[in-house]
Amino acid sequence: RFSLGDRTGNPPSWRPIVMFVLVGVAGFALGQRFSSESVVNRAAPVSMLNVMREIGRPLTTEPAANQPRYRLSFDRQQQLWTVDADRDNDGIYESSQRFTSAGDIR
């Protein structure tokens, strides 16, 4: 026969097991909810393209004696990388190379 307790008033032995199972299910459900929210809020993967988009302006090398200066930029609309070179350090970039975001030279 099934009873909720013995005649002495002691609680049944299955209550701790049921409580343990309920707490486990609740913990699992909360964990699933918060883990699915964190997937949506993850930042974009780190890549050169994402870093350049975040910076939003060209990167240039520091001037050095008898060394050319370079400038790297990314055009979002055309999806082009551009590397400009100032060979004589006069502040005018004389040459330019363009690359698609796939890496092809243009």
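Located above this text is the structure these notes cover.
Rules of the game
Residues numbered from 1 in each chain as written. Predicted model: local features only at pLDDT ≥ 70, side-chain atom pairs only at ≥ 80, totals over all residues. Heavy atoms only, no water. Helix = DSSP H or I, 4+ residues; strand = E, 2+ residues; numbered from the N terminus. Buried < 20%, exposed > 50% of the residue type's maximum accessible area, 1.4 Å probe, protein only. Contact = heavy atoms within 4.5 Å. Areas by Shrake-Rupley, 256 points an atom, 1.4 Å probe, with all protein chains shown as cover. Pairing = 2+ DSSP bridges. Axes fitted to C-alpha atoms, helices over the stretch in contact; angles between N-to-C directions.

J.: Help me understand the overall build of the protein, please; the structure alone is not making it clear to me.
T.: The secondary structure content of the protein amounts to two helices and four strands. Along the chain direction, N to C, the helices and strands of the protein fall in the order α-α-β-β-β-β. A total of 106 residues make up the protein; the buried ones form 10% of that total. A sequence separation of at least 24 residues applies to 11% of the contacts in the protein between residues at least 6 apart. Accessible area for the protein stands at about 8,900 Å²; split by element, carbon and sulfur atoms hold 58% of it.

J.: Just checking my understanding: could you explain the pairing of strand β2 (residues 69-75) for this structure?
T.: Both faces of the sheet carry side chains from a regular strand, because those side chains alternate between them. As judged from the two bridges shared by strand β1 (residues 59-60) and β2, these two strands associate in the antiparallel manner. Among the inter-strand pairings, Leu59 is bridged to a residue of β2, identified as Leu72. Taken together, the seven bridges between β2 and strand β3 (residues 80-86) define a ladder with antiparallel strand orientation. By the bridge assignment for β3, Arg71 is matched with Asp84. Connecting the antiparallel pair β2 and β3 is a turn made up of four residues, with Gln79 showing a positive phi of about 55 degrees.

J.: Is there a simple way to think about the sheet that holds β3 in this case?
T.: The strands that make up a sheet are held in pairs by hydrogen bonds between backbone atoms, and each pair lies either parallel or antiparallel. Read from one edge to the other, the open sheet built from four strands follows the order β1-β2-β3-β4, with strand pairing classed as antiparallel. The two strands at the open ends of the sheet, each matched to only one other strand, are β1 and β4 (95-100). The sheet strands contacting helix α2 (residues 48-55) are β1, β2 and β3, and the helix crosses β2 at an angle near 95 degrees.

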